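Each chain, written out:
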Amino acid sequence: MSVPKGERGKSGMEFVHTADIIERRAMEVCKNWPKRYMFIITQRTIQLASELYECVQKANAIIPKTEAERTQRVILLERAMGANYAFSQKIERAFSLFPLCTPKKSPEEESEKSFHILQEFMEYCKTEDDALRGNLTFTRKMELGKPPPDDN
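Please read these numbers as outputs of a predicted model, since none were measured by experiment.

A. View of helix α1 (residues 14–30). Compared with an ideal rise of 1.5 Å per residue, which puts 17 residues at 24 Å, α1 spans 24 Å between its outermost C-alpha atoms and is within 8% of the ideal. Among all positions of α1, only F15, V16, T18, A19, D20, I21, I22, E23, R25, A26, V29 and C30 are buried. The inward-facing, buried residues of α1 abut α2 (38–61), α3 (67–97) and α4 (107–141).

Following this line, the structure appears as structure tokens:
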């Protein structure tokens, strides 16, 4: 049975979904960036978004039963946090150098659209950071050998 949208809460695994959105959206946006920045900013921005998503996927696959598994999950979550932070810095750098969108009819439209894209990414990165921090705290405190509690 599904829960009405207005009654849904935040899931502890929201960080996986948000990382997926960041990676997909980065691929959409970066393909429109000027070609002269391909090797300077564009590729690294996409790599960071992909690294973020890959780290959360791997961390999510680990249900710690031993201290070594917990440590591995913590390392992956910390790496994801680093990639998230570096990604947000790259987006801000790109915004300072060129429009983040395809050229519009007027410079005002282009500037407004670019700023909207920057805000969108910053909101996703903040949401991701909060979710990763919460999951990291939970992982460090969880009892080994027990599955995580069901949110239902």
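B. Quick look at the nonpolar core. Core analysis: the largest hydrophobic core is formed by 36 residues, its most contacted members being W33, L52, F87, L100 and L132. For this core, the elements supplying multiple residues, two or more each, are α1, α2, α3 and α4. Here the element with the most residues in this core is α3; it accounts for nine residues. Contact partners of L52, with chain neighbours within four places excluded, come to A19, I22, A80, A83, N84, E128 and L132.

C. Local environment of the packing of aromatic side chains. Here the structure, examined in full by the defined rule, presents four aromatic pairs. Ring centres of F95 and F115 lie 6.2 Å apart, and the angle between their planes is 55°; this geometry places the pair in the tilted category. On the criterion of sequence distance, the pair formed by F95 in helix α3 and F115 in helix α4 is long-range, its members being 20 residues apart. Judged by relative accessible area, which is 28%, F95 ranks as partly exposed. Linked through ring pairs, W33, Y37 and F98 together constitute an aromatic cluster.

D. Structural view of the environment of R140. Structurally, R140 can be placed in helix α4. Residues R140 and V74, 66 residues apart in the sequence, show an inter-C-alpha distance of 7.4 Å. Setting aside its immediate chain neighbours within four residues, R140 contacts R70, V74 and E78.

E. Fine view of the packing of α3 against α4. It is at 10 Å that the axes of α3 and α4 come closest, and there the two elements cross at 165°. Of the possible angle classes, the one that applies to α3 and α4 is roughly antiparallel. Here the hand of the crossing between α3 and α4 comes out left-handed. Taken together, the residues of the contact of α3 with α4 break down into 14 nonpolar, five polar and nine charged.

F. Region of interest: the packing of α2 against α3. Orientation of α2 relative to α3, taken along the N-to-C sense of each, is 155°, at an axis distance of 8 Å. Regarding the angle of α2 to α3, the classification is roughly antiparallel. Classified by chirality, the crossing of α3 by α2 is left-handed. Considering only residue class, the contact of α2 with α3 consists of 17 nonpolar, three polar and seven charged.

What counts and how
- Residues numbered from 1 in each chain as written.
- Predicted model: local features only at pLDDT ≥ 70, side-chain atom pairs only at ≥ 80, totals over all residues.
- Heavy atoms only, no water.
- Helix = DSSP H or I, 4+ residues; strand = E, 2+ residues; numbered from the N terminus.
- Expected span 1.5 Å × (residues − 1).
- Buried < 20%, exposed > 50% of the residue type's maximum accessible area, 1.4 Å probe, protein only.
- Contact = heavy atoms within 4.5 Å.
- Core = buried A, V, L, I, M, F, W, Y, C linked by side-chain atoms within 4.5 Å.
- Phe/Tyr/Trp six-rings, centres within 6.5 Å; stacked < 30°, edge-to-face > 60°.
- Axes fitted to C-alpha atoms, helices over the stretch in contact; angles between N-to-C directions.
- Parallel < 35°, antiparallel > 145°, perpendicular 65-115°, else oblique.
- Left-handed = near helix turned anticlockwise from the far one by under 90°.
- Nonpolar A, V, L, I, M, F, W, Y, C, P; charged D, E, K, R; others polar.

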